[in-house]
Amino acid sequence: MREFITSDREANSIQMQRSSFSGTFLLVESGSDKKFYDRFIDKSVCELRCFHGKEQVIAILDTLETRNVTGILAIVDADFDRIALSCHHSPNLLRTDSHDLETMLIESPALGKVIAEFGSEEKIDKCDREVRTILLEAGIAIGYLRWISQCDRLNLTFRGITFSKFFKKDLRVNEIELIEEVKKKSQKFDLNNKTLQN
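Residues numbered from 1 in each chain as written. Predicted model: local features only at pLDDT ≥ 70, side-chain atom pairs only at ≥ 80, totals over all residues. Heavy atoms only, no water.

## Some thoughts on the state of the cysteines
Then, number 1: Applying the stated criterion across every chain, the model contains zero disulfides.
Then, number 2: Cysteine Cys46 remains unbridged, with the sulfur of Cys50 as its closest cysteine sulfur at 13 Å.
Then, number 3: On the basis of relative accessibility, which here comes to 12%, the residue Cys46 falls in the buried class. (Disulfide = S-S within 2.5 Å. Buried < 20%, exposed > 50% of the residue type's maximum accessible area, 1.4 Å probe, protein only.)

Spelled out as structure tokens, the structure:
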């Protein structure tokens, strides 16, 4: 209930500011999203506002659209919306091209620049696979487990998991160790490892 009160309060704030600001309000999910998108906007005609997650951004957008407040645009992570066929559609709601901002960065030329800047040339040369492939393959098991958690309403906790507990030296994921780590973090010891892995 608290998130709706907060969302309503945020929508009220934007609506009140509309009388003194004729530009666009751009709503994003988090501070890290704000940092990323901030470099692409003209601050004289666009004010970027960050909130606490996708649900809050969509709730604020819904409220403002219901009140016919114009000049609002929201950008959220696609997450599993394309798989789950999200029922929320609005011309003022944009979703990332892939799962989230991080996967968009992995797919972009920016990854090569980061690797060139911070990567070890010696270690990269020893890899039997391209770094982008390694990252995407490593994320698949985690992504599937998050999807299962969402679909089956398991409420598994992924924030704060220790990646070294389930990543092998070649950056492949040990699925059972991943499941064990997430179960431990979530305090869901009754879940069956093999069932989750299948």
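Text resumes after the structure shown.
## What about the pairing of strand E1 (residues 24-28)?
Each regular strand carries side chains that alternate between the two faces of the sheet.
Then, number 1: Extensive coverage of E1 is indicated by the burial of four of its five residues.
Then, number 2: Two strands pair when backbone bridges link them, and E1 and strand E2 (residues 46-50) are joined in this way by five bridges, in the parallel orientation. Each residue of the ladder has a partner; that of Leu26, found in E2, is Leu48.
Then, number 3: One crossover worth recording links E1 to the parallel E2 by way of helix H2 (residues 31-38), and it is right-handed.
Then, number 4: Relative to strand E3 (residues 72-76), E1 runs parallel, the two being bridged by four bridges. From the neighbouring strand, Phe25 faces E3, where its bridge partner is Ile72. (Helix = DSSP H or I, 4+ residues; strand = E, 2+ residues; numbered from the N terminus. Pairing = 2+ DSSP bridges. Right-handed = clockwise from strand over helix to strand, strands pointing away.)

## Describing helix H8 (residues 131-151)
Then, number 1: Taking 1.5 Å of rise per residue, 21 residues should cover 30 Å, and H8 covers 30 Å from first to last C-alpha, within 8% of that figure.
Then, number 2: Considering bend angle alone, the principal kink of H8 is centred on Ile140 and spans about 30°.
Then, number 3: Looking at the buried residues of H8, the elements they touch are helix H9 (175-186) and helix H10 (193-197).
Then, number 4: A positive phi of about 50° marks Arg153, the residue just after H8. (Expected span 1.5 Å × (residues − 1). Bend = angle between axes of the 7 residues up to and from the residue. Contact = heavy atoms within 4.5 Å.)

## With respect to the packing of aromatic side chains
Then, number 1: This structure, assessed with the given rule, holds seven aromatic pairs.
Then, number 2: Centroid distance Phe163 to Phe166: 5.5 Å. Interplanar angle 55°. Geometry classified as tilted.
Then, number 3: For Phe166, a relative accessible area of 0% puts it in the buried group.
Then, number 4: Chaining the aromatic ring pairs together yields one cluster made of Phe36, Tyr37 and Phe40. (Phe/Tyr/Trp six-rings, centres within 6.5 Å; stacked < 30°, edge-to-face > 60°.)

## What to know about H2
Then, number 1: Along H2, the positions that sit buried rather than exposed are Asp33, Phe36 and Tyr37. Along the long axis of H2, the arc covered by the buried residues comes to 90°, so they all point the same way.
Then, number 2: In this structure, the buried residues of H2 make contact with E1, E2, E3 and helix H5 (101-107). (Arc of directions from axis to C-beta.)

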